[in-house]
Amino acid sequence: GAPVAAGEFEALCSLAAWQFENPDTVGPEWVEGRRELRGTRMRHPLLDRDKAVVNDIELGEEVRLLLVSGSNMSGKSTYMRTIGLQVVLAHAGARVPAGSLRLSRLALGASIRTVDSLQEGASRFYAELQRLKAIVDASRGEVTLLFLLDELLSGTNSHDRKIGAEGIVDTLLRRGAIGLVTTHDLALAAIAEHPDNRAVNVHFEDQIVDGRIQFDY
């Protein structure tokens, strides 16, 4: 009907305006028959392009999990959001702020900045558990799941966090998903030691220079 057509026209106008205002974006390349997410020089679309730090991503059959460690403010969450936004823009039919982006069809499952609810009596940790359950359930679908898990199970102690995180990641990978996990807890880096996980540890580094903290992003 008319409302649907008007909505589609408005969406197409938004995509056209995005491309007009961002001429340095590129069209994504789609692949079939395998899991793949390969991007170069990706930047966050809401950051000033002159200040944004670009990064790459490579996930697929050989590397299915990136364990991203680093301190607060080091860039872990921004990196994860950048990847998620690139995938969302690509699936919406938009060009992406990157040097290149090659990907297969992906379903996105993200647990980033989950919050508590006073009205529903839910703590932040319980809200995260609900979100994680929804992501694990989504991994049963026919489309490959891309999971983005920020500070996985940070609301519990190190011992339980390691056991829980290993169980969640193992389930997701066994169901064919690919994705990223960020963490402050270096004990979780041990997940990459299991060869079946096809995981790689990456790190956002910080240094103290002349009394000021500096990040490599």
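Look above for the structure.
Residues numbered from 1 in each chain as written. Predicted model: local features only at pLDDT ≥ 70, side-chain atom pairs only at ≥ 80, totals over all residues. Heavy atoms only, no water.

Draft legend 1. The arrangement of the overall build of the protein in detail. The secondary structure content of the protein amounts to 4 helices and 11 strands. For a compact globule of 217 residues, the expected C-alpha radius of gyration is about 17 Å, and the protein comes in at 18 Å, within 12% of that figure. Taken along its principal axes, the extent of the C-alpha atoms in the protein is 55 × 50 × 45 Å. Of the contacts formed within the protein by residues at least 6 apart in sequence, a portion of 73% connects residues at least 24 apart. When the accessible surface of the protein is split by element, carbon and sulfur atoms take 52% of a total near 12,300 Å². (Helix = DSSP H or I, 4+ residues; strand = E, 2+ residues; numbered from the N terminus. Rg over C-alpha atoms; globule rule 2.2 N^0.38 Å. Contact = heavy atoms within 4.5 Å. Areas by Shrake-Rupley, 256 points an atom, 1.4 Å probe, with all protein chains shown as cover.)

Draft legend 2. Layout of unusual backbone geometry. Not every positive phi belongs to a glycine, and Arg-41 is a case in point at roughly 50 degrees. Turning to its location among the elements, Arg-41 is positioned in strand S2 (residues 37-42).

Draft legend 3. Summary view of the packing of aromatic side chains. All chains considered together, the criterion is met by 1 aromatic pair. Aromatic side chains Tyr-79 and Phe-204 sit 5.7 Å apart centroid to centroid with 50 degrees between the ring planes, which places their arrangement in the tilted category. Taken as a pair, Tyr-79 in helix H2 (residues 76-92) and Phe-204 in strand S9 (residues 199-204) lie far apart in primary sequence, 125 residues in all. In this structure Tyr-79 comes out as buried when scored by relative accessible area, which is 8%. (Phe/Tyr/Trp six-rings, centres within 6.5 Å; stacked < 30°, edge-to-face > 60°. Buried < 20%, exposed > 50% of the residue type's maximum accessible area, 1.4 Å probe, protein only.)

Draft legend 4. Region of the structure containing the sheet that holds strand S4 (residues 65-70). In spatial order, the strands read S6-S7-S8-S4-S9; together these 5 strands make up an open sheet with parallel pairing. At either margin of the open sheet sits one strand with a lone partner, and together these are strand S6 (106-111) and S9. Taken over all neighbouring pairs, the strand axes of this sheet differ in orientation by 15 degrees on average, direction set aside. Bridge analysis of S6 against strand S7 (residues 144-149) gives 6 bridges, and the strand direction is parallel. Across the sheet, Ala-107 pairs through a bridge with Leu-145, a residue of S7. Lying on the sheet, helix H3 (residues 124-138) is in contact with S6 and S7; it crosses S6 at an angle near 165 degrees. (Pairing = 2+ DSSP bridges. Axes fitted to C-alpha atoms, helices over the stretch in contact; angles between N-to-C directions.)

Draft legend 5. Up close: helix H4 (residues 158-174). Its 17 residues place the ends of H4 24 Å apart at the C-alpha level, agreeing with the 24 Å of an ideal helix rising 1.5 Å per residue. When H4 is considered as a whole, its buried residues turn out to be Arg-161, Ala-165, Ile-168, Val-169, Thr-171, Leu-172 and Leu-173. Among the structural elements, S4, H3, S7 and strand S8 (178-183) are those in contact with the buried residues of H4. Looking one or two residues beyond H4, the residue adopting positive phi is Gly-176, at roughly 90 degrees. (Expected span 1.5 Å × (residues − 1).)

Draft legend 6. Quick peek at the sheet that holds strand S1 (residues 29-30). Ordered in space as S1-S5-S2-S3, the 4 strands form an open sheet in which the pairing is mixed. At either margin of the open sheet sits one strand with a lone partner, and together these are S1 and strand S3 (55-59). Note: S1 against strand S5 (residues 100-103), 2 bridges, orientation parallel. Opposite Glu-29, over in S5, you have Arg-102 as the bridge partner.

Draft legend 7. Region of the structure containing the environment of Thr-182. Looking at the element boundaries, Thr-182 is found in strand S8. Residue class for Thr-182 comes out buried when judged on its relative accessible area of 1%. Separated by 115 residues in the primary sequence, Thr-182 and Leu-67 place their C-alpha atoms 5.9 Å from one another. Ignoring any residue separated from it by four or fewer positions in sequence, one finds Thr-182 in contact with Val-68, Lys-76, Met-80, Leu-149, Asp-150, Glu-151 and Leu-152. Within the structure, Thr-182 has its side chain in polar contact with the side chain of Asp-150 (distance 2.4 Å). (Polar contact = N/O pair within 3.5 Å; in protein donor to acceptor, adjacent residues only side chain to side chain.)

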